[in-house]
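# Fold and contact review
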Amino acid sequence: MATDDGASAGQQRLVGAEGDYDDQQLEASLRPGTLDDFVGQQRVRAQLSLVLEASKLRGRTADHVLLSGPPGLGKTTLAMIIAQELDVPLRISSGPAIQHAGDLAAILSSLTHGEVLFLDEIHRMSRPAEEMLYMAMEDFRVDIVVGKGAGATSIPLDLPPFTLVGATTRAGLLPGPLRDRFGFTGHLEFYSVPELELVLRRSAALLDLTMTTEAFTEVASRSRGTPRIANRLLRRVRDWALVHGVERIDARAAGAALDMYEVDVRGLDRLDRNVLSALVGKFNGGPVGLSTLAIAVGEETETVETVAEPFLVREGLLGRTPRGRIAMAAAWEHLGLEVPDHAAFKDPALRTALATDADQEQDASS
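So, here is what we can say about the structure in this document. Because the structure is predicted, anything quoted here is derived from the model rather than measured. (Residues numbered from 1 in each chain as written. Predicted model: local features only at pLDDT ≥ 70, side-chain atom pairs only at ≥ 80, totals over all residues. Heavy atoms only, no water.)

Attention shifts here to the packing of helix α8 (residues 193–206) against helix α9 (residues 213–221). At a minimum axis distance of 9 Å, the contact between α8 and α9 shows a crossing angle of 115°. Here α8 runs over α9; the crossing is right-handed. Counted together, Val193, Leu196, Glu197, Leu200, Arg201 and Ala204 of α8 and Thr213, Phe216, Thr217, Val219, Ala220 and Ser221 of α9 form the full contact between these two elements. Grouping the constituent residues of the contact of α8 with α9 by class yields 7 nonpolar, 3 polar and 2 charged. (Axes fitted to C-alpha atoms, helices over the stretch in contact; angles between N-to-C directions. Helix = DSSP H or I, 4+ residues; strand = E, 2+ residues; numbered from the N terminus. Left-handed = near helix turned anticlockwise from the far one by under 90°. Contact = heavy atoms within 4.5 Å. Nonpolar A, V, L, I, M, F, W, Y, C, P; charged D, E, K, R; others polar.)

Attention now goes to unusual backbone geometry. Of note, Arg224 is a non-glycine position whose phi angle comes to about 55°, a positive value. Looking at the secondary structure, you find Arg224 in the loop between α9 and α10 (227–243). Although it is not a glycine, Glu262 sits at a positive phi angle of roughly 65°. Assignment of secondary structure puts Glu262 in the loop between α11 (251–260) and α12 (270–281). Owing to a relative accessible area of 42%, Glu262 belongs among the partly exposed residues under this scheme. (Buried < 20%, exposed > 50% of the residue type's maximum accessible area, 1.4 Å probe, protein only.)

Read across the sheet, 5 strands follow the order β2-β3-β6-β1-β7 without closing on themselves; strand pairing throughout is parallel. Edge positions in the sheet fall to β2 (90–94) and β7 (184–187), since each has one partner strand and no second. Neighbour to neighbour, the strand axes of the sheet diverge by 15° on average, direction disregarded. Bridging between β2 and strand β3 (residues 116–120) involves 5 bridges; their strand directions are parallel. Across the sheet, residue Arg91 finds its bridge partner in β3, namely Leu117. Contacts from helix α3 (residues 42–58) reach β1 (65–68) and β7 within the one sheet, and its direction differs from that of β7 by about 160°. (Pairing = 2+ DSSP bridges.)

Below you can see the structure in the form of structure tokens.
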């Protein structure tokens with residue numbers, strides 16, 4: 001069914017990386033409390049551990065930390081671990097909730113010494129609040145303006161030293177002056193299947209589930225490299241096993257459960273397969289415009305572009321070119337079809353356009 005909001009559509013999908021209330025409840029019970037318990041992201045964990053240990057040895061607050069990466073990879077969990085490792089309180093807010101400088105001033109003025117302030121989706125904070133945050137991060141001071149017009153007075157307010165942990169899914173939208181004020185920046189990568197198996201093993205133990213090694217692999221391989229999705233799929237497998245009276249979940253049971261929810265072996269759901277099927281079946285593999293493709297699958301353009309395309313492009317199933325979307329060889333193979341000789345991705349001009357587009361996206365993400 002079509003939706004008017006791509007974000008809400010992503011939250012309704014079983015393989016959507018955005019979290020909902022149920023995910024928050026589950027994550028609260030499964031969330032690791034220390035860096036040693038945190039699975040994956042070895043490079044970021046090692047670097048962050050060094051930053052935190054050095055701050056404790058110096059007896060000073062830790063540097064401000066910026067965590068970037070796609071949703072569902074553990075940015076909020078790491079923020080909570082930072083506060084836990086430093087043994088200090090944690091204050092949680094988000095960019096969309098801070099639309100005025102006064103909102104930020106109220107939060108900053110109530111912080112205690114050494115407290116960790118976590119701002120999720122920090123790139124969505126208002127510009128006046130951003131400018132106030134510059135001084136707060138660097139000098140631990142803000143200027144409060146009292147009054148209006150010619151009678152306005154600026155009152156300096158000293159802040160206790162604190163650690164800001166910012167999380168963003170779109171680091172490129174952060175202004176340079178704000179990025180430069182973070183002492184440590186960590187980019188979280190998608191998880192490999194073996195890493196997701198470790199996540200699932202830990203979650204299954206906490207949920208008191210008995211699963212075979214092959215069952216963990218089955219769920220992990222359909223989780224799109226995202227721990228949040230892996231835990232969500234694990235819940236669905238748990239429900240299926242409970243209803244069917246299965247006490248020991250094997251690969252066949254896990255596969256049957258996820259097949260029922262229309263999540264295939266590569267993690268594609270109904271929307272993903274509809275996009276590929278339309279691209280291949282109705283438009284001979286493209287190129288086809290985004291709006292035309294969206295109409296063909298009965299979805300809004302924004303839904304196709306923001307909900308379905310990122311994973312399809314990352315998996316090498318779909319390509320974006322100046323002339324439109326094209327199906328890659330893997331798309332034909334995934335649908336069980338033979339790749340035709342006239343496939344658009346074989347066009348040298350389009351292959352060059354694909355490479356250029358990939359380079360531009362890499363530059364934007366970095």
